[in-house]
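# Fold and contact review
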Amino acid sequence: MPGTVVERVTGPVAAGVVPAVFDAAGLTSSERTVALYASDMPTRRRYGTKEQVRAWIAQGVERLGHEEVARRAVFCYGHRLLELSNLVPAAVRAAHEARFPDAFRLDVAAQATATSICFDGMHEAARKRNGAARVDGPCPCRGTGSIRLWVYGDGMFSLVCPVHNGGGRA
Ligand SMILES: [Zn+2]
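Description of the structure in this document.

What counts, and at which threshold
Residues numbered from 1 in each chain as written. Predicted model: local features only at pLDDT ≥ 70, side-chain atom pairs only at ≥ 80, totals over all residues. Helix = DSSP H or I, 4+ residues; strand = E, 2+ residues; numbered from the N terminus. Contact = placed C-beta atoms within 7 Å. Core = buried A, V, L, I, M, F, W, Y, C linked by C-beta atoms within 7 Å. Buried ≥ 20, exposed ≤ 12 C-beta atoms within 10 Å, placed from the backbone. Expected span 1.5 Å × (residues − 1).

## Considerations on the overall build of the chain
Regarding its fold elements, the chain presents six helices and two strands. Secondary structure elements of the chain, listed N to C terminal, follow the sequence α-α-α-α-α-α-β-β. Taking contacts inside the chain between residues at least 6 apart in sequence as the whole, the part at least 24 apart equals 74%.

## Some thoughts on the nonpolar core
A general trend in soluble globular proteins is that nonpolar side chains are found buried together. In this structure, Ala35, Leu36 and Ile57 are the most contacted members of the largest nonpolar core, which totals 37 residues. The set of elements that each furnish at least two residues to this core consists of α1 (29-38), α2 (50-64), α3 (66-84) and α5 (103-120). Ignoring any residue separated from it by four or fewer positions in sequence, one finds isoleucine 57 in contact with Ala24, Leu27, Arg32, Ala35, Leu36, Ser39 and Ser116.

## Let's talk about α2
Taking 1.5 Å per residue as the helical rise, α2 with its 15 residues ought to reach 21 Å, and the 21 Å between its terminal C-alpha atoms agrees with that figure. All of the buried residues along α2 are Gln52, Val53, Arg54, Ala55, Trp56, Ile57, Ala58, Gln59, Gly60 and Val61. Glycine 65 sits one or two residues past α2 and shows a positive phi near 85°.

Here you go:
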């Protein structure tokens, strides 16, 4: 049948790459996405098995170090929150694009993250920091939690900042 993918997905991650102590459930969604982006995961819309996704996450964490994975993850999520509201300032977009130049790959990494969360779950400690977000650059709210917008014909109104006042997450 045309368009049917029958080839089995096999990635470059060899067996034994996953350290025995590695536990993907200890990472937030964004941390897993950042790790997958940094790994050897191929950039295509076919995801590996749960074992492969786990191995790629471990590889990304090993490459960047957990601290850097966590740092990029909070910026990545902060960018995402602003993006959902169409509020990304140019400087923040530039920092995000320097960190993740391939938007398609980041999207693939986010999809593979969903696989990981489905199979590996998330530990309570990771769940608690899962909503952590920061803005890498000047936030449109200037740290006040409120974004003032002037709309021609409608005048001035305020929006709650999705990063600095998003349900109490900061
Ligand atoms: Zn803000």
